[in-house]
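Per-entry structural report
Chain by chain, the residues:
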Amino acid sequence: MKTPPKHLIFPVAALALLSGGLLAGCGQEQAKTIVAKPAGTQHLRATSLTGAVSGNAGPIKSGEVKLRSEAGKLIASTELNNSPRFEIPVPANTPLPLILSYGSGADELVSVIIHPDSGKYDINPTTTAIAKQAKAMGGYSHGNMVRAAEETAHVPDANKTTSFPRRPDHAVRRLALKSTAAQRLKNIDCAILGNPIR
């Protein structure tokens, strides 16, 4: 019996091990990934939160805006006084995430605060949908909020895809992809903060 050359033994053995490992995973479904909450607690650096409240019919000019902890503890509140704009003072070193809310029950609108440096958060149906989606994903982590915004927010079609000439210069293509990705991230951040997408 003829033995194979020594330089072929290792590649053949490696290929056999690799294909055996790949076949062992066939037919198994992948578990859905849930982004976990970060290990450390962040604290809000802003001393007040500002924003505006709007519903599907437009600006809301009366009612109470509440600021709560994730556990539901009331931290502060303010009344809208013939204007959709609000400002709520926040105690120093308040742990995140925080929930701004307007209304109650099925009509409640919310906006979740996850960024320690931002002080402007609008409350509207889009921020409410993002918050509900993130909570269903496992909580108000930054990763869940971004994923929820991607799935919930209406990103203009022009920012979803980019068309190129048949044979584009590679540098032009990379630049176009970078600007499209940057605009998409900007749109996601705007959706999380409740600001209009531009």
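Attention here is on the structure that accompanies the text. Since we're looking at a predicted model, the values are computed, not measured. (Residues numbered from 1 in each chain as written. Predicted model: local features only at pLDDT ≥ 70, side-chain atom pairs only at ≥ 80, totals over all residues. Heavy atoms only, no water.)

Examining the overall build of the chain
Within the chain one finds five helices and eight strands. For the chain, the α and β elements follow one another from N to C terminus as α-β-β-β-β-β-β-β-β-α-α-α-α. Put simply, the chain has 198 residues, and 32% of those count as buried. Here the contacts in the chain between residues at least 6 apart in sequence split such that 56% fall between residues at least 24 apart. Accessible surface for the chain amounts to roughly 13,100 Å². Of this, 57% is attributable to carbon and sulfur atoms. (Helix = DSSP H or I, 4+ residues; strand = E, 2+ residues; numbered from the N terminus. Buried < 20%, exposed > 50% of the residue type's maximum accessible area, 1.4 Å probe, protein only. Contact = heavy atoms within 4.5 Å. Areas by Shrake-Rupley, 256 points an atom, 1.4 Å probe, with all protein chains shown as cover.)

A few points about the sheet that holds strand β4 (residues 62-69)
Reading across from one edge, β5-β4-β7-β8 is the order of the four strands in this open sheet, with antiparallel pairing throughout. Edge strands, defined here as strands with exactly one partner in the open sheet, are β5 (74-81) and β8 (109-113). On average, each strand axis in the sheet is tilted by 20° relative to the strand beside it, whichever way the strands run. For β4 and β5, the ladder comprises seven bridges, and the chain directions are antiparallel. (Pairing = 2+ DSSP bridges. Axes fitted to C-alpha atoms, helices over the stretch in contact; angles between N-to-C directions.)

So, the packing of helix α2 (residues 125-136) against helix α3 (residues 142-152)
It is the contact of α2 with α3, at a shortest axis distance of 8 Å, that shows an interaxial angle of 125°. In terms of their interaxial angle, α2 and α3 are classed as oblique. Seen along the crossing, α2 lies across α3 with a hand that is right-handed. Taking contact as the criterion, the partners of Ala 129, Ile 130, Gln 133 and Ala 134 in α2 are, on α3, Asn 144, Met 145, Ala 148, Ala 149, Glu 151 and Thr 152. (Parallel < 35°, antiparallel > 145°, perpendicular 65-115°, else oblique. Left-handed = near helix turned anticlockwise from the far one by under 90°.)

Section: the pattern of salt bridges
Where charged atoms of side chains with opposite charge meet at close range, the side chains can pair. Evaluation of the coordinates by the stated rule reveals two salt bridges. For Arg 45, the salt bridge identified is with Asp 117, shortest N-O distance 2.5 Å. You can see Arg 45 sitting in the loop between α1 (6-24) and β1 (48-52) and its partner Asp 117 sitting in the loop between β8 and α2, a full 72 residues away along the chain. Take Arg 45: its relative accessible area is 58%, and that puts it in the exposed class. Classification of Asp 117 by relative accessible area gives exposed; the value is 58%. The partner of Asp 122 in a salt bridge is Lys 120, and the shortest N-O contact between them spans 3.0 Å. Overall, the relative accessible area of 10% leaves Asp 122 in the buried class. The class for Lys 120 is partly exposed, based on a relative accessible area of 36%. (Salt bridge = Lys/Arg side-chain N within 4 Å of Asp/Glu carboxyl O.)

Examining the environment of Gly 63
Secondary-structure assignment places Gly 63 in strand β4. Sequence separation of Gly 63 and Asn 82 is 19 residues, and the distance between their C-alpha atoms is 9.2 Å. Beyond its immediate stretch of four places on either side in the chain, Gly 63 contacts Thr 78, Glu 79, Leu 80 and Tyr 102.

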